[in-house]
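Coordinate analysis (summary)
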Amino acid sequence: MPAPELPTLRWGIIGCGLISSWFVADLVLDRPGVATTRHIIQAIGSSSKDKGSAFATKNCPTHSPAIYDSYEGVYNDPNIDIVYIGTPHTLHRRNTIDAITAGKHVLCEKPIAINARDAQEMFDAARDKCVFLMEAVWTRFFPIAQAVPKSLYQDKIIGDVHQVWTHFGLNMPISTAADPQARTASRELGAGALLDIGIYSLTWASVVLDSHPDIMAAPAASPSAKEPLISATMTFASDADPSLHVDEQTTIVLNYPSIKAQAVASCTVLAKGTDEFARISGSKGSITIGGVAASKPGFLVIRRDQPADGEQALERVDFPVAGRGFHFEADAVAQDIRQGRVQNLDTCSWEHTMRIMRRMDQARALCGLEYVQDTS
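The shown structure was predicted, so the numbers you read here are calculated from the model rather than taken from an experiment.

Parameters and conventions
- Residues numbered from 1 in each chain as written.
- Predicted model: local features only at pLDDT ≥ 70, side-chain atom pairs only at ≥ 80, totals over all residues.
- Heavy atoms only, no water.
- UniProt positions renumbered as here; feature names shortened; annotations may be inferred.
- Helix = DSSP H or I, 4+ residues; strand = E, 2+ residues; numbered from the N terminus.
- Pairing = 2+ DSSP bridges.
- Axes fitted to C-alpha atoms, helices over the stretch in contact; angles between N-to-C directions.
- Domains from an automatic or database assignment.
- Contact = heavy atoms within 4.5 Å.
- Salt bridge = Lys/Arg side-chain N within 4 Å of Asp/Glu carboxyl O.
- Polar contact = N/O pair within 3.5 Å; in protein donor to acceptor, adjacent residues only side chain to side chain.
- Buried < 20%, exposed > 50% of the residue type's maximum accessible area, 1.4 Å probe, protein only.

Bringing the UniProt feature "domain: Gfo/Idh/MocA-like oxidoreductase N-terminal" (unreviewed entry) in the protein into the picture now. The UniProt record marks residues 9-134 with the feature "domain: Gfo/Idh/MocA-like oxidoreductase N-terminal" (unreviewed entry), using the residue numbering of this structure. Within the segment residues 9-134, helix and strand shares are 40% and 22% respectively, and the terminal C-alpha atoms sit 15 Å apart.

Here we take up the sheet that holds strand 7 (residues 161-169). The mixed open sheet is built from eight strands, whose spatial order is 8-9-10-7-11-12-13-14. For this open sheet the edge positions go to strand 8 (229-236) and strand 14 (314-318), each flanked by a neighbour on one side alone. Put simply, the sheet's adjacent strands are angled 10° from each other on average, direction ignored. As defined by bridge partners, strand 9 (residues 247-256) adjoins strand 10 (residues 261-268) across eight bridges and the pair is classed as antiparallel.

To continue, consider the domain arrangement of the protein. Partitioning the protein into domains gives domain 1 (8-137) and domain 2 (143-320 + 347-374). Here domain 1 and domain 2 have C-alpha centroids that lie 26 Å from each other. On the side of domain 2, 21 residues touch domain 1, which itself brings 20 residues to the contact. Taken together, the connections running from domain 1 to domain 2 amount to zero salt bridges. At the boundary of domain 1 with domain 2, the tally comes to seven residue pairs in polar contact (both at pLDDT 80 or more). Of all the secondary-structure elements, those providing two or more residues to the side of domain 1 that touches domain 2 are helix 5 (116-129) and strand 6 (133-136).

Turning to helix 4 (residues 92-101), its buried residues are H92, N95, T96, I97, A99 and I100. Contact partners of the buried residues in helix 4: strand 1 (8-14), helix 3 (71-75), strand 4 (82-85), strand 5 (105-109), helix 5 and strand 6. Downstream of helix 4 by a residue or two, G103 has a phi angle that is positive, lying close to 85°.

The structure is reproduced here in structure tokens:
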């Protein structure tokens, strides 16, 4: 008996950069027996048709997307269900609102905006238009990210959680960038360690401590019981040149007095990090999270101080993933849209995004970092 036909979701892709290429390549992976949706690359919007065609040939050769030399062509294509936005940070707000105005659902790359004010405007637009919108924090949808809170708070494998350390490091200094106008170097385009990779460090801290039962149970009317106290420090590419007043290193400390726990979330573009990027310490041991990077986790190392009978003092658990792992969030988005939801409530809700955006805003304010668009 033939397998039932999968439901489909038709994507329009905005931007032909590296992150878009990874996303598209994962959507067209053959995942028999695992995939819950057939993702169709319906259209690509780029600065030129030649660039869009080359992108399609390389990343989705089995699909036949329409190629537009403008983003508006994608927004207005009646055959598109959802727009994926993979443009530079500072364009996310305008691209997202334009797509929403055209009646399209949207998955927007992280960070969804350069500040919480802009992110809230985007969510308000989606609510008013009754369309789906989510920040593409793909890491949250990996099976390992779902397993960590369960291991900590249901299985209690390391007892009471006291501390989280998480770090993301790349070797791509802004102060010596070959192209100062590149997205990863330009202050005008929102460059800097925090927005680019620090968001992942903060996300892991949130995955662990914001899912603590006492934090989850605290009433929304008591933000002091849910929100941590924040301190932060940054190292800038230059203290003298305003165009290089961009963070190359950031460290944020989140203190949760109500659960007597703290997190240290750091990031740098001055040195590549190791394959073990996070450590959770508890009263009975620790869990280390590792993988290619903090954005792409792949294994846990569990260390038990006093293992019970049948338990190992040191145990590694691997979580193999087909492709890069972008298909997890894409499948979740498709399910939400089929159910008529405007946000993903369980894993990457609007509040999840706003929580991280507010924390990044607060860290920047403490350190005196502003982007050009912050003042508009």
